[in-house]
Amino acid sequence: MKKPQERYTSQDLESRNYSESMPGSFPYRRGPYETMYAQRPWTIRQYAGFSTAEETNAFYHKALASGQKGLSVAFDLATHRGFDSDNPAVAGDVGMAGVAIDSVEDMKRLFQGIPLDKVSVSMTMNGAVLPVLACFIVAAEEQGVPPESLSGTIQNDILKEFMVRNTYIYPPEPSMRIVSDIMAWTHKNMPRFHSISVSGYHMQEAGATPVQELAYTIANGLAYLDAARKTGLRVDDVAPRFSFFFAVGMDFLTEIAKLRAARELWATLVRERFQPNNEKSLVLRMHCQTSGWSLTAQDPLNNVVRTTIEALAGVLGGTQSLHTNSYDEALSLPTDTAARIARNTQLILREETGLCRTVDPLAGSYAIESLTSDMMDEALRLIREVDDMGGMMRAIEKGMPQRKIQESAAARQAVIDSGGETVVGVNAYIREEAGEVEVFDVDNRKVREHQMRELEKVRSGRDAGKVERSLHRLKQAAENIALELQKKTDQTPGSAPASESGSGSESGEKPGDSDSNLLQLMVDAARARATVGEMTAALENVWGRYHTDPMPVTGVYRNSYRNKSAFMEIVQEVEDFARKEGRRPRILVVKLGQDGHDRGARIVAAAFADIGFDVDLGPLFLTPEEAARQAVENDVHMVGVSTLAGAHKTLIPQLMKELELAGAADIAVVAGGVIPEKDARWLKENGLLEVFGPGTRIPEAARKVLHFLASRDKKPPGK
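Remarks on the overall build of the protein chain
Looking only at helices and strands, the protein chain has 27 helices and 14 strands in total. In terms of overall dimensions, the protein chain is globule-like: its C-alpha atoms have a radius of gyration of 25 Å, near the 27 Å expected for 719 residues. Overall, the C-alpha framework of the protein chain stretches about 70 × 70 × 60 Å when taken along its three principal axes. Burial statistics for the protein chain: of 719 residues in total, 60% are counted as buried. For the protein chain, the exposed area adds up to about 28100 Å²; of that, 48% sits on carbon and sulfur atoms.

As structure tokens, then:
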């Protein structure tokens, strides 16, 4: 997006075809409701989940007693990826970045004592969305709350997963069928529940600019409406229950403009493309969350200020609910103290500032209105680019939005590393002596053992025949869907395209039909006490598990680095190393376990390649054994582990052990990401070479790596 002007006047509004509108009226720039916060303030939420259902439940009770109005559930990565806690592939991930949910029984404990007919529940879940939502529905049912009384949101945004977050399970086409089935079933059975939350948040966290986040989020929303229509649903059946989820970063005026532009852009495009009869289909309702990426590990109390500024932007932009991050989340899961401060930030904004007295108080501002119009225009250009590629599914398959977001992430990191953008406490105004901050620590082994015991109770106490029959019905449904998709793929030229074939199956069944709808079949299986992993596997055995091959975007970091002479110094050091050693320094950059947040890994891989290293970027979801094998086969000098999900104390030692077993103990291992200082000390005491925490300048990390390699024993790596 072009930079804001130094000064704005009324002429800027005239040049941008600005027309004044009222809150609650098309095109909803000023807000979806006429009275906004003057009648009903935004909902205060805290995205939370950790360890076991029992511990998270206790946190929820305290949060609700402290003024929180809705619950937002964070699930652990094992659950996101559809694995039961006893699966060896997720040994390091259970309970670490969210709560572990393996069955209806876990879900019942998660909401013990919480009236689900009165408290709205938002669940960030996409890959394993079917079994998790099914377990929630059955848990509520057994609490005495029928589906029609449930309120809240399920994220159910799989396109964003393929684009940036990567907690997908199945290939794109059947994944989109899952989205449609959930929209259909909830329309019929859960009228108070939002069947989808179209998320831009993870795009900005992955490096998207505000314009990219806005454009691709709206484009994804349009794609879901299109998918619903092409399976027999009307736009008015589903659009009124859409919600949207945006990040709010530190570019204060731009973020306010982005949220206002989102409402107008959505209303305009939905009316133009779908001609709904219900005015509510045009209204974009949103949840916002302050940025996690903007939080710094250095001088972390500064993050209280950052979160407050971002929360204020969300409120001035007109969000309907808000989550404020805790100041310590660049270090670990939030402590109770940090979570309380984050929650109180919203209470202070709501109760002490007078913000709730006036609807859209910045309306008419020359700067805000001009930026809102600019944001709309630039986002519309990106949306049309997606349209020209055949829609968002085709654009994602071709890698276009992923590439643009990765380029933006690399470019911004280069600007920060070279001092072109100031980050207080990181590259300017640095505190010389940083005290250690208390961090929240989860005992992964203890949590996993607990979950395995609970799983054994569930499996031993259920009717095995009933479970087997319910899973068989799921498998049959998956096979029927696979056949439908294959028939559409095999259509001869001139016949209707697959996406325009109308009903959900050859028999004329619609996604909402109870005997073919995947969510209904999952609810039946959950009632029988099938586990999340078993329900996931029933579909996976037919559709397979989806994989992608990551490629770093090279050239962008180097071209964006502002201090060219300093950059070329480290490049020259790499050249000197190559001449002396006979080859370039070679590094394998990996993510271990089920952590799909790969912004850091991709940026490091791209930047090191631009500096002159030979870089291999490993595929996502590697086990330590697989990573060690790849390191040996690629004959690397070093493995760099990027970690954000708290599994470092389990997975990194396993990687070093696997290298030793492979006779490659001379391959050094370094790590980067969210690793508390006490854990970093422990890892280094146990063989890890170095930890590069958040805010580390990449050229400095490259120089440290290079100096280590130049000074170590000259024995060929991997031998």
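There's plenty left to go through after this.
Brief notes about the pairing of strand β12 (residues 638-643)
β12 sits mainly inside the fold: 6 of its 6 residues count as buried. Side chains M638, G640 and S642 project from β12 onto one buried face, and the interleaved V639, V641 and T643 project onto a second face that is buried too. Judged from the 6 bridges that link them, β12 and strand β13 (residues 668-673) form a sheet pairing that is parallel. Residue pairing in the sheet places S642 in a bridge with G672 of β13. Between β12 and its parallel partner β13, the chain crosses via helix α25 (residues 648-661), and the hand of that crossover is right-handed.

Overview of a positive patch on the surface
Together, K3, R558, R562 and K564 make up a positively charged patch on the protein surface. Position of R558 among the secondary structure elements: in helix α21 (residues 556-560). With relative accessibility at 33%, the residue R558 sits in the partly exposed group.

Details of helix α26 (residues 677-685)
When we look at burial in α26, the residues that qualify are D679, A680 and L683. Projection of α26 onto a plane perpendicular to its axis shows the buried side chains occupying an angular sector of 100°, all on one side. Those residues of α26 that are buried lie in contact with α25 and β14 (690-692). Trailing α26 by a residue or two, G687 shows a phi angle of about 110°, which is positive.

Here we look at the packing of aromatic side chains
The description of two aromatic rings rests on the distance between their centres and on the angle between their planes. With the rule as written, the count across this model stands at 18 aromatic pairs. With a centroid separation of 5.4 Å and an interplanar angle of 80°, the aromatic rings of Y168 and Y546 are classed as edge-to-face. Linking Y168 in the loop between α6 (158-165) and α7 (172-189) with Y546 in the loop between α20 (532-543) and α21, this pair joins segments that are 378 residues apart in sequence. When its relative accessible area of 1% is taken as the criterion, Y168 is described as buried. The class of Y546 is partly exposed, set by a relative accessible area of 26%. An aromatic cluster is built from Y60, F111, F136 and F193, whose rings are joined through pairwise contacts. Between the NZ or CZ atom of R81 and the centre of the ring of F621, over which it lies, the distance is 3.5 Å.

Here's the deal with the sheet that holds β13
Either a parallel or an antiparallel arrangement is found when strands of a sheet pair, and the pairing is made through backbone hydrogen bonds. In space, the 5 strands of this open sheet follow the order β11-β10-β12-β13-β14, with parallel pairing throughout. If you trace the sheet from one side to the other, it starts and ends with β11 (614-617) and β14, each paired once. With direction set aside, neighbouring strand axes in the sheet form an average angle of 25°. Strand contacts of helix α23 (residues 599-611): β10 (586-590), β11 and β12, with the helix running at about 160° to β11, the strand carrying the most contacts.

Describing the sheet that holds strand β1 (residues 43-48)
Taken in spatial order, the 9 strands line up as β5-β4-β3-β2-β1-β9-β8-β7-β6 in an open sheet, and their pairing is parallel. Looking at the sheet topology across the chains shown, the edges are occupied by β5 (193-194) and β6 (196-199). In the sheet, β1 pairs with strand β2 (residues 70-73) via 4 bridges, with the strands oriented parallel. Across the sheet, residue Q46 finds its bridge partner in β2, namely L71. In this fold helix α5 (residues 129-142) packs onto β3 (120-123), β4 (152-154) and β5, with an angle of close to 160° to the strand it touches most, β3.

Considerations on a nonpolar patch on the surface
On the surface, M250, V305 and I309 cluster together to form a nonpolar patch covering roughly 230 Å² of accessible area. One can find V305 in helix α12 (residues 302-317).

Definitions and cut-offs
- Residues numbered from 1 in each chain as written.
- Predicted model: local features only at pLDDT ≥ 70, side-chain atom pairs only at ≥ 80, totals over all residues.
- Heavy atoms only, no water.
- Helix = DSSP H or I, 4+ residues; strand = E, 2+ residues; numbered from the N terminus.
- Rg over C-alpha atoms; globule rule 2.2 N^0.38 Å.
- Buried < 20%, exposed > 50% of the residue type's maximum accessible area, 1.4 Å probe, protein only.
- Areas by Shrake-Rupley, 256 points an atom, 1.4 Å probe, with all protein chains shown as cover.
- Pairing = 2+ DSSP bridges.
- Right-handed = clockwise from strand over helix to strand, strands pointing away.
- Patch = residues over 30% accessible without salt bridge, like charges linked within 9 Å, V, L, I, M, F, W, Y side chains within 5 Å.
- Salt bridge = Lys/Arg side-chain N within 4 Å of Asp/Glu carboxyl O.
- Lys, Arg positive; Asp, Glu negative; His and termini not counted.
- Charge placed at Lys NZ, Arg CZ, Asp CG, Glu CD.
- Arc of directions from axis to C-beta.
- Contact = heavy atoms within 4.5 Å.
- Phe/Tyr/Trp six-rings, centres within 6.5 Å; stacked < 30°, edge-to-face > 60°.
- Lys NZ or Arg CZ within 6 Å of the ring centre and 35° of its normal.
- Axes fitted to C-alpha atoms, helices over the stretch in contact; angles between N-to-C directions.

Note that every value here comes from positions in space, so none of it alone points to a role or purpose.
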